Amino acid sequence: MVGGTMFRIRRVHDTVTERNARVVSRVQEMLPNRIRGIQSAFVAGIVDQLHNPVEHLFRTILFVAEDEKNNLSGFALLSHDSNLKFCLLDYLVASSLVPGRGVGGALYQRVREEATKLRAIGIFMECLPDDQAICADASLRDQNRKRLRFYERYGARPIDGTRYETPLGPDDDCPPLLVFDDLSREGENGAPGLKRNAARRIVRAILTRKYAELCPPQFVDMVVDSFGDDPVRIRPPRYHSGTVPAASGSEGAVQQIRREDRVALVVIDSHEIHHIRERGYVESPVRISAILRKIELSRAFLRVPIRHYSDEIIRRIHDPALLAILRESLKMAPDQDPVYPYVFPIHHADRPPADYTVRAGYYCIDTFTPLHPNVWPAARRAVDCALTAAGLVAHGESRLSYALVRPPGHHAERKVFGGFCYLNSSAAAAEYLSDGGHVAILDVDFHHGNGQQEIFYNRNDVLTVSIHGHPHFQYPYFAGFEDETGEGKGEGYNLNLPATKSLDGEGYRRVLKRALKRVYDFDPDFLVVALGLDTARGDPTGNFLLRADDFRENGVLVGALGIPTVVVQEGGYDTRVLGANARAFFDGLSGGFLARSRAR
Ligand SMILES: [Zn+2]
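Rules used throughout
- Residues numbered from 1 in each chain as written.
- Predicted model: local features only at pLDDT ≥ 70, side-chain atom pairs only at ≥ 80, totals over all residues.
- Heavy atoms only, no water.
- Helix = DSSP H or I, 4+ residues; strand = E, 2+ residues; numbered from the N terminus.
- Contact = heavy atoms within 4.5 Å.
- Polar contact = N/O pair within 3.5 Å; in protein donor to acceptor, adjacent residues only side chain to side chain.
- Pairing = 2+ DSSP bridges.
- Axes fitted to C-alpha atoms, helices over the stretch in contact; angles between N-to-C directions.
- Donors = N, O, S within 2.8 Å, 3.2 Å for Na, K, Ca; no water.
- Salt bridge = Lys/Arg side-chain N within 4 Å of Asp/Glu carboxyl O.
- Buried < 20%, exposed > 50% of the residue type's maximum accessible area, 1.4 Å probe, protein only.
- Phe/Tyr/Trp six-rings, centres within 6.5 Å; stacked < 30°, edge-to-face > 60°.
- Right-handed = clockwise from strand over helix to strand, strands pointing away.

Our focus in this paragraph is the environment of S434. Note that S434 resides in the loop between α14 (425–433) and β13 (439–443). Expressed as a C-alpha distance, the spacing of S434 and V462, which sit 28 residues apart in the sequence, is 7.1 Å. Excluding residues that lie within four positions of it along the chain, S434 makes contacts with R316, V439, R459, D461 and V462. A polar contact of 2.7 Å, which involves the side chain of S434, links it to the backbone oxygen of E431.

Spelled out as structure tokens, the structure:
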């Protein structure tokens, strides 16, 4: 008994019995004409599909809900592709759609059980859109909302950022969204999400098999090619604020931390290859594991997979010549010693020397940042991590994210590398976010963030602020002075706060408050924190005196701005304290952010 009405759900395999034949013809009568005008052929073909799965490449599965008198009260028509391992929900028709209750809820639960049993990667379905931009009719939109709200309760949400919902012609005024239900695998640690290549194959299968007459091949190619994100991006929840259960093993009552209140953590996975084994090269792989060890057990973080991005953003912030010299290092022999630029023939930029080592000096600012074949893959992957973290915040999936990466990036300018940095990941995150609003970059590394300063020097939509040891005495020596304030449109949008002497926690906070005041006045939509931890007492590259408690307090102050924030790991080389200091900073950041958003 559900809601006072009894019904049973059963699977109909064929139309051999009279009872089955009758229920199938009722299904055919009830099928509303909704999806892209294909219904008459499709409806007529249902009987055939039930009997001849191979011919149709999909196996058709029909579930019916019948009342005590065997009247049809709802049905779900599901297709299964055992090659590509997915299910397509063609139709779910029921008098009411209430999650967990009624005919609709029971049918969809049955469909999910079946898909799980079939080991499908998930269920795909088309739903008409709830956005005014692609569905002008208000009452239709209202129905569409109810349907999307219903599926969202099960974790099924539209795929975002593709051209699936492209109208087929001038009459197609309400093109459907493609919705994906991952069968609740999302919460699993390190779940890969819906892979791009799998999604492309599946979408091609859906369009060519189901809509062969309607979709010309160019249309299918266009839609398939538009699946660029890997994993595919799923629209953030719109109707329910989801909760995620606490990690197992925690004592006491189960605490719920809302997904969007956790720090989305993106950890670089292929950085170990970039390992310079010379004595004294402090920018080493253990920096990542030292931090990860301290934060990975914290429930405040939610690990998310790295997405791959095209070079578009990188090309917007870096000169092709820099990318070329970095890529050229791929040609070096793997066993060759790292190449350290040692001459800087900068006076003849129009006459590049043939020798790679000498030419590298055109694009480098120091003698201690080497080139070797692993530089490009590692730095490129760090940018993917930073863009993943930025994407989560840009699309509202997270409000705080952390790209735990190396090599660092903030010394890399448009055309030069140096200071252990090759590609500017913080600048890449800011550039990406700047498509969606104003961005402030706050660089709290001990060293001046000359890279972002130079890249955004002429812009007023990206504010750059840096707190650092004075360039009179500290790397990079040529930039970071107070009178560098921006140029042209960017005049007034760069703020340098160099410290002439060593700062302790209290001294640092005084400077940080000035920096945050500037950020607050700028009123950005997004904040990027270039998080150097080399301001710690004892760091081999700096002379500030911060302790873990100071990092916590700094985090609170930054979080209290209440701005959606992407944190990108920069420097920090004392691996004995890196983890504790990172953990303290994020504890403060989350706490400050939450307190601020509750107060709002
Ligand atoms: Zn640094």
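On to the side chain of H468. With respect to the helices, strands and loops of the structure, H468 is situated in strand β14 (residues 462–469). Side-chain polar atoms of H468 contact the backbone oxygen of G480, separated by 2.8 Å. Residues in contact with H468, not counting those within four places in the same chain, are D445, F446, H447, H448, G480, N496, L497, P498, A499 and F544.

Note on sheets: strands pair through backbone hydrogen bonds, and any given pair is parallel or antiparallel. Pairing within the open sheet is parallel, and its 8 strands lie in the order β11-β10-β12-β17-β16-β13-β14-β15. Of all the strands in the sheet, just β11 (301–303) and β15 (494–499) have a single pairing partner and so form its edges. The sheet shows a mean angle of 20° between the axes of neighbouring strands, taken without regard to direction. Summarising the sheet, β14 and β15 pair through 6 bridges and their orientation is parallel. What sits directly across from T464, in β15, is N494.

Before going further, it helps to spend a moment on the sheet that holds strand β3 (residues 72–81). Read from one edge of the open sheet, 7 strands run β1-β2-β3-β4-β5-β7-β6, paired in mixed fashion. Of all strands in the sheet, those bounded by a partner on one side alone are β1 (8–12) and β6 (157–158). Note: β1 against strand β2 (residues 59–66), 5 bridges, orientation antiparallel. By the bridge assignment for β2, R8 is matched with E66. Docked against the sheet, helix α7 (residues 196–210) engages β3, β4 (86–94), β5 (123–127) and β7 (177–181), running at close to 55° with respect to β4.

Attention shifts here to the coordination of the zinc ion. Protein-derived coordination of the zinc ion comes from D445 (OD), H447 (ND1) and D534 (OD), at a distance range of 1.9 to 2.1 Å. Mapping the donors of the zinc ion onto the primary sequence gives the spacing D-x1-H-x86-D. Of this pair, D445 sits in the loop between β13 and α15 (450–455) while D534 is found in the loop between β16 (526–531) and α17 (548–559), placing the two residues 89 residues apart along the sequence.

Per the counting criterion, the structure on display carries 34 salt bridges. Its salt-bridge partner being R381, residue D269 comes within 2.8 Å of it at the nearest N-O pair. Taken together, the residues D269 in the loop between β10 (263–267) and α9 (286–295) and R381 in helix α13 (residues 375–394) connect sequence positions 112 residues apart. R381 sits in the partly exposed class, given a relative accessible area of 22%. Of the charged contacts in the structure, one is a salt bridge between R316 and E431, with a shortest N-O distance of 2.8 Å. With R316 in helix α10 (residues 312–317) and E431 in helix α14, the pair connects residues that are 115 residues apart, well separated along the chain. We classify E431 as buried; its relative accessible area is 5%.

What follows covers the packing of aromatic side chains. The tally for this structure, following the rule as stated, stands at 20 aromatic pairs. Their ring planes at 90° and their centres at 5.7 Å tell us that F86 and F124 sit as a pair that is edge-to-face. In this pair, F86 is assigned in strand β4 and F124 in strand β5, connecting sequence segments 38 residues apart. Accessibility expressed as a relative area gives 0% for F86, which makes it buried. Centroid distance Y508 to F544: 6.1 Å. Interplanar angle 70°. Geometry classified as edge-to-face. In this pair, Y508 sits in helix α16 (residues 505–522) while F544 sits in the loop between β16 and α17, placing the two residues 36 residues apart along the sequence. On the accessibility criterion, Y508 (2% relative accessible area) is buried. Judged by its relative accessible area of 2%, F544 is buried. Taken together through their ring pairs, the aromatic side chains of F368, F420, Y475, Y477 and Y573 make up a single cluster.

Before going further, it helps to examine the pairing of strand β17 (residues 565–569). Where burial is concerned, most of β17 is hidden: 5 out of the 5 residues are buried. Judged by which residues are buried, β17 turns out to be covered on both faces: T565, V567 and Q569 on one side and V566 and V568 on the other are all buried. Bridging between strand β12 (residues 400–404) and β17 involves 4 bridges; their strand directions are parallel. Bridge pairing links A403 to V568 in β17. The sheet contact formed by β16 and β17 spans 5 bridges and is parallel. Residue pairing for β17: V528 is matched across the bridge by V566. Regarding the hand of the β-α-β motif, the stretch spanning β16, α17 and β17 is right-handed.

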